[in-house]
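# Results of the structural survey
Next come the chains, spelled out residue by residue.
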Amino acid sequence: MHIPDSFMPITQGAVYWIIALIFIALALRWVKNELSEEKVPLVAVLAAGVFALQAFNLPVTMGTSGHLVGGALVAIVLGSPFAAIFVLSLVLIVQGVLFGDGGITVMGANIINMGVIGGFVGYYGYHGLLSVTRNIYASAACAAWLACIIPALAASVELALAGTFPLVPGMISMGIYHAVIGLIEGGITAVVLGLISSARPDILESAGGIPA
Amino acid sequence: MIPNRTFLAVGIVLALVIGIAAVFFASGDPDGLDSTALVVQGQKELTQPAKPDAEIDESALPGKFEYSAPFPDYTLEGGTKVTDAALLVVGTLIALILVFALGKGLKAFGRTRSS
């Protein structure tokens with residue numbers, strides 16, 4: 001889902017950068033004011049995990065591959081969508097600048113899609129579903145699936161505005177591929193939450209992730 | 001409950017193992033975005049694999065900015081799988097250190113402002 005520079009005119013990329021910078025500023029403020037200092041190492045480890053998992057493309061049939069995005073996972077574990085924006089922004093900067101994975105002028109769009117939309121959909125989707133199902137793993141898996149497919153559809157709209165994809169075929173194709181890729185997102189998110197829950201249940205409790 | 005340091009150390013080791021494994025086992029198929037580009041350019045059927053020679057037509061794309069990353073596609077020019085794995089390890093550690101340093105720096109900045 002990492003949009004490269006060639007997929008979007010610079011002027012449109014600049015608009016997404018401006019919007020992204022507003023959310024990055026809010027995320028930095030969240031770290032400064034809301035994140036407890038003891039959790040900073042956990043945030044760093046989650047960033048390392050997201051970076052590594054994003055490099056691991058798994059086949060999803062139809063001659064296509066996909067990987068975890070991680071916005072929902074980070075937002076759920078740390079209890080805020082701003083955590084996802086913080087982590088995904090920095091991961092995308094490392095990927096784009098050092099490895100050419102995602103563009104520079106379009107990085108704002110990638111941050112909006114994977115960090116902002118992924119984080120907000122993952123966090124609020126999880127808590128909404130949790131209030132209904134009372135099952136953290138099912139809720140996290142479904143929210144993570146939504147946090148994969150909705151950013152993909154957003155990207156297809158952005159790329160339709162850029163003139164790269166025609167709107168409807170682009171949305172159909174991105175939607176179908178990421179509906180399958182989202183199964184990876186949901187599965188890995190639930191598994192990681194399970195591992196954290198069994199090793200350090202206090203982390204999820206303090207993030208409001210486990211119903212009292 | 002696992003002690004904090006052990007928990008974090010296991011997390012870092014797992015991330016590095018996943019990064020190294022990605023070099024050897026990750027799929028080389030195009031991702032969802034590239035597959036969509038191939039589909040809309042008529043080089044791939046939606047539910048079928050692309051032909052081996054299928055490529056995204058860059059001349060048809062609107063973005064003109066070019067940036068040459070030092071390690072494109074997580075590889076070193078003329079490198080081997082071992083150097084690719086080393087790059088993944090370095091990238092994972094940079095992400096770890098960058099987030100840790102910025103997080104700690106922001107917390108220290110917050111303390112200075114509030115005191």
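As the structure is a computational prediction, the values presented were derived from the model and not from experiment.

This brings us to the interface of chain A and chain B. Taken together, the contact between chain A and chain B spans 69 residues of the former and 64 residues of the latter. A combined buried area of about 5,600 Å² lies between chain A and chain B, and 74% of that area is made up of carbon and sulfur atoms. Linking chain A with chain B are two salt bridges, by the criterion used here. A salt bridge links B:Lys104 to A:Glu37, with the shortest nitrogen-to-oxygen separation between them at 3.5 Å.

The next thing to look at is the domain arrangement of chain B. For chain B, the assigned domains are domain 1 (1–30 + 67–115) and domain 2 (32–66). Look at where the C-alpha atoms of domain 1 of chain B and domain 2 of chain B centre, and you get two points 29 Å apart.

On inspection of all chains with the given rule, the structure shows nine aromatic pairs over all chains. For the pair A:Phe23 and A:Phe120, a centre-to-centre distance of 6.4 Å together with 75° between the ring planes defines the contact as edge-to-face. Of this pair, A:Phe23 sits in helix α1 (residues 10–33) while A:Phe120 sits in helix α5 (residues 107–133), and the two are 97 residues apart along the sequence. For the pair A:Phe99 and B:Tyr74, a centre-to-centre distance of 4.7 Å together with 20° between the ring planes defines the contact as stacked. Here A:Phe99, found in helix α4 (residues 81–99), pairs with B:Tyr74, found in the loop between α2 (32–40) and α3 (81–114), and the two come from separate chains. Relative accessible area serves as the criterion here: at 2%, A:Phe99 is assigned to the buried category. For B:Tyr74, a relative accessible area of 11% puts it in the buried group. The rings of A:Phe23, A:Phe82, A:Phe120, A:Tyr123 and A:Tyr124 are connected pair by pair, giving a single aromatic cluster. A:Arg200 extends its terminal NZ or CZ atom over the ring of B:Phe7, reaching a point 5.8 Å from the ring centre.

What counts as what
- Residues numbered from 1 in each chain as written.
- Chains lettered and ligands numbered in written order.
- Predicted model: local features only at pLDDT ≥ 70, side-chain atom pairs only at ≥ 80, totals over all residues.
- Heavy atoms only, no water.
- Contact = heavy atoms within 4.5 Å.
- Buried area = accessible area lost by both parts, 1.4 Å probe.
- Salt bridge = Lys/Arg side-chain N within 4 Å of Asp/Glu carboxyl O.
- Domains from an automatic or database assignment.
- Phe/Tyr/Trp six-rings, centres within 6.5 Å; stacked < 30°, edge-to-face > 60°.
- Helix = DSSP H or I, 4+ residues; strand = E, 2+ residues; numbered from the N terminus.
- Buried < 20%, exposed > 50% of the residue type's maximum accessible area, 1.4 Å probe, protein only.
- Lys NZ or Arg CZ within 6 Å of the ring centre and 35° of its normal.

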